[in-house]
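Spelled out from the first residue to the last, the chains are:
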Amino acid sequence: MTLLQAPSSPTLTFHQYCTSQPKAGLYVAEKSFLQSTLSGSCFSSQRHVKALNYSYTCSSLSSFTAKASSTGACAPSLSGQTAESEVLKALSQIIDPDFGTDIVSCGFVKDLVVDDNLGEVSFRLELTTPACPIKDMFEQRANEVVAELSWVKKVNVTMSAQPAKPIYAGQLPAGLQTISNIIAVSSCKGGVGKSTVAVNLAYTLADMGARVGIFDADVYGPSLPTMVSPENRILEMNAEKRTIIPTEYMGVKLVSFGFAGQGRAIMRGPMVSGVINQLLTTTEWGELDYLVIDMPPGTGDIQLTLCQVVPLTAAVIVTTPQKLAFIDVAKGVRMFSKLKVPCVAVVENMCHFDADGKRYYPFGRGSGSQVVQQFGIPHLFDLPIKPALSASGDSGVPEVVADPEGEVSRTFQELGVCVVQQCAKIRQQVSTAVNYDKSFKAIKVKVPDSDEEFYLHPATVRRNDRSAQSVDEWTGEQKLQYSDISDDIEPEEIRPLGNYAVEITWPDGFNQIAPYDQLQMMERLVEVPQLTPA
């Protein structure tokens with residue numbers, strides 16, 4: 001594939017990207033540019049407060065300039081700062097361990113009201129999810145650091161969470177437009193306890209304070225009607241809207257073909273894909289923080305349909321210690337990898353049991369750790385062989401509900417914390433992966449799960465579109481010519497598109513799909529135009 005070069009300019013320097021080029025050269029160029037941008041530019045306290053109220057989806061450069069101002073770089077002395085800036089400076093001591101950034105730069109501080117005469121301060125901390133495992137720590141630390149200010153007599157902190165919404169672009173079905181995270185629980189092999197993990201994970205997330213739904217995607221053998229006991233066991237239809245109303249059990253919304261009054265399906269693959277699509281996309285899920293999908297076994301049409309129709313945030317892989325289970329699970333992990341769905345955890349079920357003061361491993365050891373090592377999945381969780389866990393699946397009461405203090409529940413609590421943290425990281429990485437800075441007239445790219453950061457000229461990105469409108473699909477001939485695109489073109493909007501690409505809207509109305517892999521191969525800016533000092 002031939003990549004078109006960026007326009008030449010006396011103020012810009014370019015290099016052709018190659019994999020052998022040291023990253024340090026680009027870093028030094030960007031660092032010198034950032035330093036020259038910051039030098040000679042002082043931010044007033046008012047501008048500083050406004051900048052720090054921006055969401056963390058702003059560019060990291062905005063966070064960098066805000067931090068420089070808050071730490072005293074070209075800022076007035078502490079005695080000259082406003083009461084608001086003192087509060088924000090105190091709150092910036094609190095670091096989010098997942099993002100590695102202070103809660104002010106993350107945009108968590110909202111509705112700050114200060115009455116310095118009475119010594120009262122009130123504000124709201126808006127976290128990314130109501131299931132944040134350290135929300136109590138945030139609240140406690142926020143009270144402490146603000147109360148330490150000499151003039152503060154009373155602190156009022158309220159906690160909230162961001163509205164449920166997907167971060168992905170595109171025309172999602174109405175039922176999926178208010179779901180923040182969609183988690184696939186998959187094994188690609190039957191009988192390993194995938195449904196048990198999916199149901200108990202969902203109720204664990206609900207216990208952490210999240211709004212949760214479960215979608216049983218196994219039409220041939222739905223498990224959800226056995227594992228939970230809702231009062232209403234039949235899905236209802238909203239005739240006016242032609243939508244499905246999910247049933248509920250203990251605050252978790254449930255949809256399964258088993259609740260459709262049809263039992264188990266006997267039908268061909270294409271029909272099953274259509275049924276799953278209809279059940280999932282026409283359901284009135286409402287606002288959900290997490291939708292857990294209990295994936296059916298295998299890697300065929302049904303699984304691919306789910307992965308392509310639904311903007312999956314992440315996947316949890318379930319396996320057992322046997323080698324045979326590992327072989328099938330490996331196929332599933334590769335499928336998610338090709339579809340750019342991150343696998344965030346592996347659950348190894350039926351690992352061991354304890355008897356006579358000893359631990360026994362009846363099915364061997366190592367399948368879960370082999371998945372982790374071979375595919376680089378960061379977290380591994382072991383579930384024991386417990387008669388109570390099996391019995392709870394048959395009784396209609398999930399184990400984490402029946403015995404919330406037991407060994408199994410503790411493991412699921414650890415898994416729930418892992419899922420919440422990893423989803424938050426993924427959303428943050430995807431939402432800030434590609435953005436356009438009008439001041440620099442450059443597109444900044446930082447691909448998720450990569451430490452590399454670089455800049456692209458907008459015209460270069462537009463000229464290297466590989467869609468059918470720009471390149472003949474049969475001959476490969478370039479239809480979009482270099483002269484067709486102006487050197488000063490600027491994108492109107494950049495939106496995430498799954499975990500693999502962004503959708504860029506240009507002034508001519510064209511929507512360009514730009515995969516991360518393609519952006520990494522384009523010619524890069526070594527130096528970005530410098531701002532005129534304020």
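The protein is annotated in an unreviewed UniProt entry as Fe-S cluster assembly factor HCF101, chloroplastic from Anisodus tanguticus. Taken verbatim from the UniProt record of the protein, the Subcellular location (unreviewed entry) comment is "Plastid, Chloroplast stroma". Note on the protein: under the UniProt heading Sequence similarities (unreviewed entry), the record states "Belongs to the Mrp/NBP35 ATP-binding proteins family."

### Topic: a nonpolar patch on the surface
Residues F353, Y360, F363 and I385 make up a contiguous nonpolar surface patch of about 310 Å² in total accessible area. If you trace the backbone, F353 turns up in strand β16 (residues 353–355).

### So, the sheet that holds strand β24 (residues 511–515)
Taken in spatial order, the three strands of this open sheet run β22-β23-β24, and their pairing is antiparallel. Since the sheet does not close on itself, it has two edges, and those belong to β22 (493–497) and β24, each with one partner. Strand after strand, the sheet turns through a mean of 25° between neighbouring axes, direction not considered. Here β22 runs beside strand β23 (residues 501–505); their pairing, made up of five bridges, is antiparallel. Note that in β23 the partner of L497 across the bridge is A501.

### Examining the packing of helix α4 (residues 83–91) against helix α5 (residues 135–147)
Direction vectors running N to C along α4 and α5 enclose 130°, while the axes themselves pass 9 Å from each other. Taken together, the axis directions place α4 and α5 in an arrangement best described as oblique. Note that α4 runs across α5; the crossing there is right-handed. Contact residues: V87, A90 and L91 in α4; A142, V145 and V146 in α5. Of the residues assigned to the contact of α4 with α5, the class counts are six nonpolar, no polar and no charged.

### Concerning the environment of P97
The topology assignment puts P97 in the loop between β2 (95–96) and β3 (101–102). For the pair P97 and I134, spaced 37 residues apart in the sequence, the C-alpha separation amounts to 9.3 Å. If we ignore the near neighbours within four places in the chain, the residues touching P97 are I134 and F138.

### What to know about the sheet that holds strand β6 (residues 154–161)
Sheet strands associate in pairs through backbone hydrogen bonding, adopting either a parallel or an antiparallel arrangement. Ordered by their spatial adjacency, three strands build an open sheet running β4-β5-β6, and the pairing between neighbours is mixed. Lying at the two open borders of the sheet, with one neighbouring strand each, are β4 (109–115) and β6. Taking each pair of neighbouring strands and ignoring which way they run, the sheet shows an average axis angle of 10°. Against the sheet, α4 contacts β4 and β5 (120–127), and its axis sits at roughly 135° relative to β4. Sitting on the sheet, α5 touches β5 and β6, and the angle it makes with β6 is about 155°.

Criteria and cut-off values
Residues numbered from 1 in each chain as written. Predicted model: local features only at pLDDT ≥ 70, side-chain atom pairs only at ≥ 80, totals over all residues. Heavy atoms only, no water. UniProt positions renumbered as here; feature names shortened; annotations may be inferred. Patch = residues over 30% accessible without salt bridge, like charges linked within 9 Å, V, L, I, M, F, W, Y side chains within 5 Å. Areas by Shrake-Rupley, 256 points an atom, 1.4 Å probe, with all protein chains shown as cover. Salt bridge = Lys/Arg side-chain N within 4 Å of Asp/Glu carboxyl O. Helix = DSSP H or I, 4+ residues; strand = E, 2+ residues; numbered from the N terminus. Pairing = 2+ DSSP bridges. Axes fitted to C-alpha atoms, helices over the stretch in contact; angles between N-to-C directions. Parallel < 35°, antiparallel > 145°, perpendicular 65-115°, else oblique. Left-handed = near helix turned anticlockwise from the far one by under 90°. Contact = heavy atoms within 4.5 Å. Nonpolar A, V, L, I, M, F, W, Y, C, P; charged D, E, K, R; others polar.

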